[in-house]
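One letter stands for each residue in the lines below.
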Protein chains: 4
Amino acid sequence: MPETSDRKDDHIRIIEEEDVETTGAGFADIDLVHEALPEVHRDEIETTADLFGHELAAPIVIESMTGGHPNTTKLNRTLAEAAERTNVAMGVGSQRAGLELDDEAVLESYTVVRDAAPNAFLYGNVGAAQLLEYGVDDVEEAVAMIDADAMAIHLNFLQEAVQPEGDVDARGCLAAIERVADELSVPVIVKETGNGMSRETATRLADAGVDAVDVAGQGGTTWSGIESHRAAAVGAQRQEAIGRLFRAWGVPTAVSTLEAATVHDCVIASGGVRSGLDIAKAIALGARAGGLAKPFLGPAGQGVDEVVDLIETLRLELRTAMFVTGSASLSELRDTEYVVLGRTNEYIDQRRR
Amino acid sequence: MPETSDRKDDHIRIIEEEDVETTGAGFADIDLVHEALPEVHRDEIETTADLFGHELAAPIVIESMTGGHPNTTKLNRTLAEAAERTNVAMGVGSQRAGLELDDEAVLESYTVVRDAAPNAFLYGNVGAAQLLEYGVDDVEEAVAMIDADAMAIHLNFLQEAVQPEGDVDARGCLAAIERVADELSVPVIVKETGNGMSRETATRLADAGVDAVDVAGQGGTTWSGIESHRAAAVGAQRQEAIGRLFRAWGVPTAVSTLEAATVHDCVIASGGVRSGLDIAKAIALGARAGGLAKPFLGPAGQGVDEVVDLIETLRLELRTAMFVTGSASLSELRDTEYVVLGRTNEYIDQRRR
Amino acid sequence: MPETSDRKDDHIRIIEEEDVETTGAGFADIDLVHEALPEVHRDEIETTADLFGHELAAPIVIESMTGGHPNTTKLNRTLAEAAERTNVAMGVGSQRAGLELDDEAVLESYTVVRDAAPNAFLYGNVGAAQLLEYGVDDVEEAVAMIDADAMAIHLNFLQEAVQPEGDVDARGCLAAIERVADELSVPVIVKETGNGMSRETATRLADAGVDAVDVAGQGGTTWSGIESHRAAAVGAQRQEAIGRLFRAWGVPTAVSTLEAATVHDCVIASGGVRSGLDIAKAIALGARAGGLAKPFLGPAGQGVDEVVDLIETLRLELRTAMFVTGSASLSELRDTEYVVLGRTNEYIDQRRR
Amino acid sequence: MPETSDRKDDHIRIIEEEDVETTGAGFADIDLVHEALPEVHRDEIETTADLFGHELAAPIVIESMTGGHPNTTKLNRTLAEAAERTNVAMGVGSQRAGLELDDEAVLESYTVVRDAAPNAFLYGNVGAAQLLEYGVDDVEEAVAMIDADAMAIHLNFLQEAVQPEGDVDARGCLAAIERVADELSVPVIVKETGNGMSRETATRLADAGVDAVDVAGQGGTTWSGIESHRAAAVGAQRQEAIGRLFRAWGVPTAVSTLEAATVHDCVIASGGVRSGLDIAKAIALGARAGGLAKPFLGPAGQGVDEVVDLIETLRLELRTAMFVTGSASLSELRDTEYVVLGRTNEYIDQRRR
Ligand SMILES: Cc1cc2nc3c(=O)[nH]c(=O)nc-3n(C[C@H](O)[C@H](O)[C@@H](O)COP(=O)(O)O)c2cc1C
Ligand SMILES: Cc1cc2nc3c(=O)[nH]c(=O)nc-3n(C[C@H](O)[C@H](O)[C@@H](O)COP(=O)(O)O)c2cc1C
Ligand SMILES: Cc1cc2nc3c(=O)[nH]c(=O)nc-3n(C[C@H](O)[C@H](O)[C@@H](O)COP(=O)(O)O)c2cc1C
Ligand SMILES: Cc1cc2nc3c(=O)[nH]c(=O)nc-3n(C[C@H](O)[C@H](O)[C@@H](O)COP(=O)(O)O)c2cc1C
């Protein structure tokens, strides 16, 4: 969602140095019920997932993160090479800089992903607010930029509201999304960026014809928290306070997944997903796949092998969860028994009223 | 509620030096549901609130605090100037000293507010127990003293019960309130002072014809706590113990707001309100406005700009909450979705039985 | 329940030196609902309580504690003088030593209470297990010993089970209690000693014709804990372990009070009652009076004034609770609104199934 | 479940040195309701339990632990002698080494138990996965090895999944179990090893004709935790991470006991059982007996007297619980009143939906 190069740099530095993760995604409140007699062979369990006709090796998404500055090119190449090698999905960060700046090096920070991952499922990223300025052809340009398999439109109005310079006009976004969903050549995923989606929002998006939602719920990376630190750095005290106040605002990821899945066939669960077990829980709640952003940053700075290793670990964790719930495939995992405890149970209960 | 000058001084010193705030107002247990697609422009959101025909710029009340001693004149002037500049409501502390002492300097500590705020919504303050001695004309004198837009009648029987010298005769108060509500030239607000109001009490007040209630619930400044410290200072051990025992007595503000709003059209939520987000939650629970006392003390000691800054921060926090719930006006905020968790949920549940 | 002099000494020393109080009586989970407009005069509130035709100044009981050794005479005299001065009820500890030992000094440790308190409500104490050996005439002897207004029969089988030398034959107790209840010249109170009574036990006691029960529930002094320390001192490791394991065994006092009150007209709530506010809560739950043991030990060691002071503090705390719930009498307090939260709410809920 | 000698050694060392117990078995959430008037003699309470026609002195099981290496012979002899002296049941660890290795000393590590305990109830142990390779005659060989009174078939697929070299093919186990249950000369107990059994799994096992289940639920020794340590020692990082992630996976023992007892007549509760009070609670939940593994390791290293002492302590703890619930026999204990609080209550509630 951040667009200018310098801002992106600020963000990544803050994410690496400060505590900008919240708790409360809700996965800790969910217990999948153990199957002592699974009657499957762990290594023959199918973890493949279909994403708009593309068969992923595992329901794992490297969430939209970066691009837009020459020094992000390497990160994106590393992530893309790992996505290619493991056959998981990957998004790029907001393409605004790529669309608006006329700079080869900036452009390369995006195009590098398709070069590095000719076969992987890659999806682009634009902000909902930008759609008010863009025509569908501009979005097609973003698609073309990385030969995208899908396009993510992000919603990040809380982050904008914390930024002193933020774009806080949210009017007309739904209509613009509807138009893009109707006309774009590739499927459209609408995603939040850390505050989640309620059933009501998800329903409006389903009515607008979007192909999938990525809930990006509360419980992981907090953009209000990040912007609060950025505001502090420039002495913008009121923004700093507001960022702190809304640090953990939003629908918890687990709740959001459950709610979105009542109206969408294809839900990506992200926001505080931290293991293959969390992915398994998300799928039991109705998700198609689980996405992670922050946990990929560290490995991406180290190299392709480290990213691949994380993906393989996530996959084995997921596979283990499938094994001990006796789920031979993701569709069986979706039907597995689970219990919801604590705050998440209370939250869901309240939302049912 | 304190009346004599010296006592007022004691109180303010204790509030500044000791821990006399409780937790448990309940706002932390309430989550407004995020709207990822708000479809409003944050800066065009209407935060205006109607209070007895006066349009406030924001549903913010500087709660009844001080007056009655020459050295409170400055505090009241500062608060009133800020109220004038920001167009929010403000109350003065108990006017008993102003009515009973024949002292120009004491009087000025009240009258200063109208001088400093010719246009702001200002309301007076008398104790329910005093009504037994006063006629309606005495209350009119209090109105005239500050050219009040409304008159608050405070209930503080727990505080009285902790004071060695307290007035613990509560008989006849309701009838006296009814008479004043019937005859006074301005609207009557009945307010607690930190222990809240149950639905039952609120109902009796509605039946008595009062125009509004300010719940002043448990969860913020604790007068039992303050009086306990005062008792300790004079060696009144039994009173000290009782003040401590009843430190967190009362209906939590969030619960009280919800209950009062079932029988009153105009409810002010106060007691532990600490941010514009708390105000937003209070409004979602049914309040007309949110009030704060203690948080204004520090800034009021510094200057008008500091008080204005706090009000502007509260307002932007409220506006941000409205933005991310997609509420274009307070009436839309009142209808926004929320969940109630934890102890507050349990409390409400029990009260429904 | 302890009978021999030395054992009593051990007990009191352990109670003074070790941590032998548990939490969980449940009063902290109960909130009486504040009445902001009480419409009573605090100092005209009636705290008088009827106990078998005797009007107590307040529903306060100094629970059965001591007697049986010459060096307890002073404690009992002090407590009795305070009971006389304040007109509250008082029990003596187990009278077994008085009945079985032929020793003037031992006897005096009991008889002193009537000497010191000619008018107070005093009640005797025998163990249920002793009833198997005693005839009703022996119990009458215990009555006569202190000119008792009532006789308490204590149940302490868990304590006995932890004692290496304990009496663990509980057979026939109910029949023996029924006989005594039927024939004794004074009312019979059956009391536990820190583990509470379920509704089922209370019902059996009601059917047996006892006049009152004292729940003596879990949450205050723990006799398993005390006996565990005593066992440790003599190297009885298994007993020590068992005492620790059952340290917090029993029906919490608040739950027990609620349950017993469904079948008994006269219920005394004890076990972790620590303030006049706890007494108020107990009465709202259905108790006739609240009793305390351990909190009286310290003051009793100091002097009559200290005990009177504690009683007066308890009474003012109770009166304050009555004031701020608008209860002019104990019968109004019994009907006051309250909420039950947390573990106690869960416990009650489970017991309803 | 571990089979080779060296692995067994690793396991025992890790169990002794590392923290490989989880919490959450659920017994702490269960309160047996106190009976103040038990009407039984503690020392005449019947703690005898029937296990397939064998009358145990108490419903206590020394769970399957060891054998398979000459240096475990002493442990097994000690445990068996204690089982003989106290007349409780005892299992041996996996007999795979005994069946597959042709080594007298290894064999002796199993056969020693029958030598030391000619009359005790002893049961054998094989892994469900081994049944795929074994015929029923191989299992009969295991029975003969210790003249077993019953045979336990263990399920430990999570442990296998954490081991780098684990056997993760669970297909066909149920059919194999059904065959053995049908044909074996002694009763068959299917047991988990620390992750519990759901009602669904228990039902499938009941349908397969097994004679009893041992739930071995979550809340005690964690094999994922143990294997995680073992993986760490050999630098297998991914396995280490997975072991940690699934450290507390499984159905809590209390829940599992309740669920299994709805479909099985004979349920052994194990996994975090740590006292005779836990055993009493398990029986109230529907178990036939309670089993412990880890708590026996320490005493077994010391000597027979220490093991006997632990058993006698457990028995007296159980007896005490029976006494204060007024249960003269285990069948009365099974019908005693209890409440379920906290997380366990929530878990059960969720499972009922
Ligand atoms: C470093 C970083 C940069 C991000 N940049 C974008 C972005 O440009 N566009 C977007 O839609 N989301 C962006 N996100 C949000 C994630 O895509 C995702 O929505 C969020 O839920 C991931 O949460 P997690 O970090 O807790 O796993 C970013 C997240 C991180 C950590
Ligand atoms: C310093 C101070 C003085 C107060 N004086 C009065 C008063 O004179 N009359 C009155 O009605 N309430 C008085 N109050 C109570 C507040 O008006 C209000 O009822 C209370 O709920 C504010 O809670 P808060 O401090 O937690 O925001 C006072 C509060 C404070 C902190
Ligand atoms: C020092 C001491 C001695 C006691 N002795 C007796 C006794 O002899 N007989 C009896 O019935 N209860 C005895 N009790 C128990 C109390 O009477 C009462 O049942 C218990 O609930 C009081 O709890 P508390 O100490 O938490 O207030 C004794 C309690 C204490 C603290
Ligand atoms: C040292 C040790 C070794 C064990 N070995 C076996 C085994 O060989 N076969 C088996 O079925 N269970 C084995 N178990 C698991 C226990 O039999 C039992 O299932 C488990 O629930 C005991 O839990 P606890 O240690 O928390 O009491 C072992 C447990 C321990 C502590």
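Residues numbered from 1 in each chain as written. Chains lettered and ligands numbered in written order. Predicted model: local features only at pLDDT ≥ 70, side-chain atom pairs only at ≥ 80, totals over all residues. Heavy atoms only, no water.

**A closer look at the overall build of chain A**
The condition is simple: A run of H or I in DSSP counts as a helix once it spans at least four residues, and a run of E counts as a strand once it spans at least two, with each numbered from the N terminus. Taken over C-alpha atoms, the radius of gyration is set against a globule rule of 2.2 Å times the number of residues to the power 0.38. Per-residue accessibility, obtained with a 1.4 Å probe over protein chains only, is compared with the maximum for each type, and a residue is labelled buried under 20%, exposed over 50%, and partly exposed between these values. Each accessible area value is a Shrake-Rupley result obtained with a 1.4 Å probe; residue values ignore everything except the protein chains displayed when judging cover.
Counting its regular elements, chain A contains 17 helices and 12 strands. At 19 Å, chain A has a C-alpha radius of gyration in line with the 20 Å of a compact globule built from 353 residues. Counting only C-alpha atoms, chain A reaches 60 × 45 × 40 Å along its principal axes. Classification of the 353 residues of chain A by burial places 67% in the buried group. Carbon and sulfur atoms make up 43% of the accessible area of chain A, which totals about 11,300 Å².

**Examining the relation of the copies chain C and chain D**
The cut-off we apply is this: The copies are overlaid by a least-squares fit using only the C-alpha atoms of residues whose pLDDT is at least 70 in both copies.
The two copies are related by a screw operation: chain C maps onto chain D through 90° of rotation and 0.0 Å of translation along the axis, at an RMSD of 0.0 Å. Taken together, the rotation and translation describe the operation of a four-fold axis. Considering only C-alpha atoms, the residue of chain C closest to the rotation axis is Gly 342 of chain C, which sits at 6.6 Å.

**Observations concerning the packing of aromatic side chains**
Here is the rule we go by: Put simply, two rings from Phe, Tyr or Trp (the six-membered ring, in Trp's case) pair if the centres are within 6.5 Å, and we call them stacked under 30 degrees between planes, edge-to-face over 60, tilted for the rest.
Scanning the entire structure with this criterion turns up 16 aromatic pairs over all chains. In textbook terms, an aromatic cluster arises when at least three aromatic residues are bridged by ring pairs, as seen for Phe 52, Phe 121 and Tyr 123 of chain A.

**Topic: the UniProt feature "binding site: FMN" (unreviewed entry) in chain A**
All names here are of chain A. What counts here: UniProt positions are given in the numbering used here, feature names are shortened, and annotations may be inferred rather than shown by experiment. Residue contacts follow a heavy-atom distance rule, with two residues in contact if any of their heavy atoms lie within 4.5 Å.
Here, the residues flagged by UniProt with the feature "binding site: FMN" (unreviewed entry) are Ser 64, Met 65, Thr 66, Ser 94, Asn 125, Lys 191, Thr 221, Gly 272, Val 273, Arg 274, Ala 293 and Lys 294. The named residues occupy 231 residues along the chain; their greatest pairwise C-alpha distance, 22.8 Å, places them well apart from one another. By secondary structure assignment, the location of Thr 66 is in the loop between β4 (60-62) and α2 (73-86). On the secondary structure map, Gly 272 appears in the loop between β10 (267-270) and α13 (276-284). The class of Gly 272 is buried, set by a relative accessible area of 10%. Excluding its chain neighbours within four sequence positions, the residues that come into contact with Gly 272 are Ala 25, Phe 27, Gly 219, Gly 220 and Asp 278.

**A closer look at the arrangement of the chains**
Over all C-alpha pairs, chain A and chain C never come within contact, reaching a minimum spacing of 13 Å. Taking C-alpha atoms as the reference, chain B and chain D come no closer than 13 Å and do not contact one another.

**What to know about helix α8 (residues 173-183) of chain D**
Residues spaced three or four apart along an α-helix face the same direction, because each turn holds 3.6 residues. Residues and elements named next belong to chain D. Rules: By construction, the arc corresponds to the directions joining the helix axis to the C-beta atoms.
Among the residues of α8, those classed as buried are Cys 173, Leu 174, Ala 176, Ile 177, Val 180 and Ala 181. All buried residues of α8 fall inside an arc of 160° around its axis, so they share one side. Contacts made by the buried residues of α8 are with α5 (128-131), α6 (136-146), β7 (150-154), α7 (157-162), β8 (188-191) and α9 (199-207).

**What to know about the environment of Thr 72 of chain B**
All names here are of chain B. Mapping Thr 72 onto the fold places it in the loop between β4 (60-62) and α2 (73-86). The class of Thr 72 is buried, set by a relative accessible area of 3%. C-alpha separation for the pair Thr 72 and Val 106, spaced 34 residues apart in sequence, amounts to 8.8 Å. When neighbours within four sequence positions are excluded, Thr 72 is seen to be in contact with Thr 66, Gly 67 and Ser 109.

**Some words on the pairing of strand β6 (residues 122-127) of chain A**
Residues and elements named next belong to chain A. As a reminder, the rule being used: Only strands that DSSP links by at least two bridges are regarded as paired with each other.
With 6 of 6 residues buried, β6 is to be regarded as a mostly interior element. Burial along β6 is two-sided: the face carrying Leu 122, Gly 124 and Val 126 and the face carrying Tyr 123, Asn 125 and Gly 127 are both buried. Two strands pair when backbone bridges link them, and strand β5 (residues 89-91) and β6 are joined in this way by 2 bridges, in the parallel orientation. Paired with Met 90 across the strands is Leu 122, a residue of β6. Bridging between β6 and strand β7 (residues 150-154) involves 5 bridges; their strand directions are parallel. When the sheet's bridge partners are listed, Gly 124 is paired in β7 with Met 151.

**Structural notes on a negative patch on the surface**
Residues and elements named next belong to chain A. Cut-off, in case you're wondering: To count toward a patch, a residue needs a relative accessible area above 30% and no salt bridge. Like charges then connect within 9 Å, nonpolar side chains (Val, Leu, Ile, Met, Phe, Trp, Tyr) within 5 Å. What counts as a salt bridge is simple: a side-chain nitrogen of Lys or Arg found within 4 Å of a carboxyl oxygen of Asp or Glu. Charge assignment in this entry is limited to Lys and Arg as positive and Asp and Glu as negative, and neither His nor the chain termini are counted. Charge placement uses NZ in Lys and CZ in Arg. For Asp and Glu, CG and CD serve respectively.
Together, Asp 102, Asp 103, Glu 104, Glu 108 and Asp 115 give the surface a local cluster of negative charge. Relative to the helices and strands, Asp 102 is located in the loop between α3 (96-100) and α4 (104-116). Asp 102 sits in the exposed class, given a relative accessible area of 83%.

**Observations concerning the interface of chain C and chain D**
What counts, and what does not: Buried area: the accessible area, evaluated with a 1.4 Å probe, that two parts lose upon being put together, summed over both parts. Pairs of N or O atoms within 3.5 Å make up the polar contacts considered here, provided that, within protein, one atom can donate a hydrogen while the other can accept it, and that residues adjacent in sequence are counted only when both atoms are side-chain atoms. By the convention adopted, Pro, Cys, Tyr, Trp, Phe, Met, Ile, Leu, Val and Ala count as nonpolar, Lys, Arg, Asp and Glu as charged, and the other residues, Gly among them, as polar.
With 35 residues of chain C at the contact, the number on the chain D side is 33 residues. Carbon and sulfur atoms supply 59% of the area buried between chain C and chain D, which totals about 3,100 Å² over both sides. Considering only the surface of chain C that becomes buried against chain D, Val 168, Arg 238 and Trp 249 of chain C emerge as the three largest contributors, covering 22% of it. Seen at the junction of chain C and chain D, the total is 5 salt bridges. For Asp 31 of chain D, the salt bridge is made with Arg 343 of chain C, and the minimal N-O distance between the two is 3.6 Å. Taken together, the connections running from chain C to chain D amount to 19 residue pairs in polar contact (both at pLDDT 80 or more). Ranked by residues supplied to the side of chain C that touches chain D, first place goes to helix α17 (residues 342-352) of chain C with 5 residues. When its residues are assigned to classes, the side of chain C that touches chain D shows 17 nonpolar, 8 polar and 10 charged.

**What about the sheet that holds strand β5 (residues 89-91) of chain C?**
Residue and element names in this part refer to chain C. As a reminder, the rule being used: Here the axes come from fitting lines to C-alpha atoms, over the contacting stretch only for helices, and the angles between their N-to-C directions go from 0 to 180 degrees.
Read around the barrel, 8 strands follow the order β4-β5-β6-β7-β8-β9-β10-β11 and close on themselves; strand pairing throughout is parallel. Between one strand and the next, the sheet's axes are offset by a mean angle of 25°, whatever the strand orientation. In this sheet, strand β10 (residues 267-270) lies alongside strand β9 (residues 212-214) in parallel orientation, the contact comprising 2 bridges. From the neighbouring strand, Val 213 faces β10, where its bridge partner is Val 267. Relative to strand β6 (residues 122-127), helix α6 (residues 136-146) is tilted by about 145°, and along the sheet it contacts β6 and β7 (150-154).

**Describing the pattern of salt bridges**
This structure, assessed with the given rule, holds 96 salt bridges over all chains. We note a salt bridge from Arg 238 of chain D to Asp 309 of chain A, for which the minimum N-O separation is 2.5 Å. Highlighted residues: Arg 238 of chain D in helix α11 (residues 237-245) and Asp 309 of chain A in helix α15 (residues 304-323), drawn from two different chains. One salt bridge connects Arg 204 of chain B with Glu 35 of chain C, and the closest N-O pair in it is separated by 2.9 Å. Here Arg 204 of chain B is found in helix α8 (residues 199-207), whereas its partner Glu 35 of chain C is found in the loop between β1 (30-32) and β2 (49-51) on a different chain. Classification of Arg 204 of chain B by relative accessible area gives partly exposed; the value is 26%. Each of Asp 10, Glu 165, Glu 227 and Arg 230 of chain A takes part in salt bridges that share partners, so that together they form one network.

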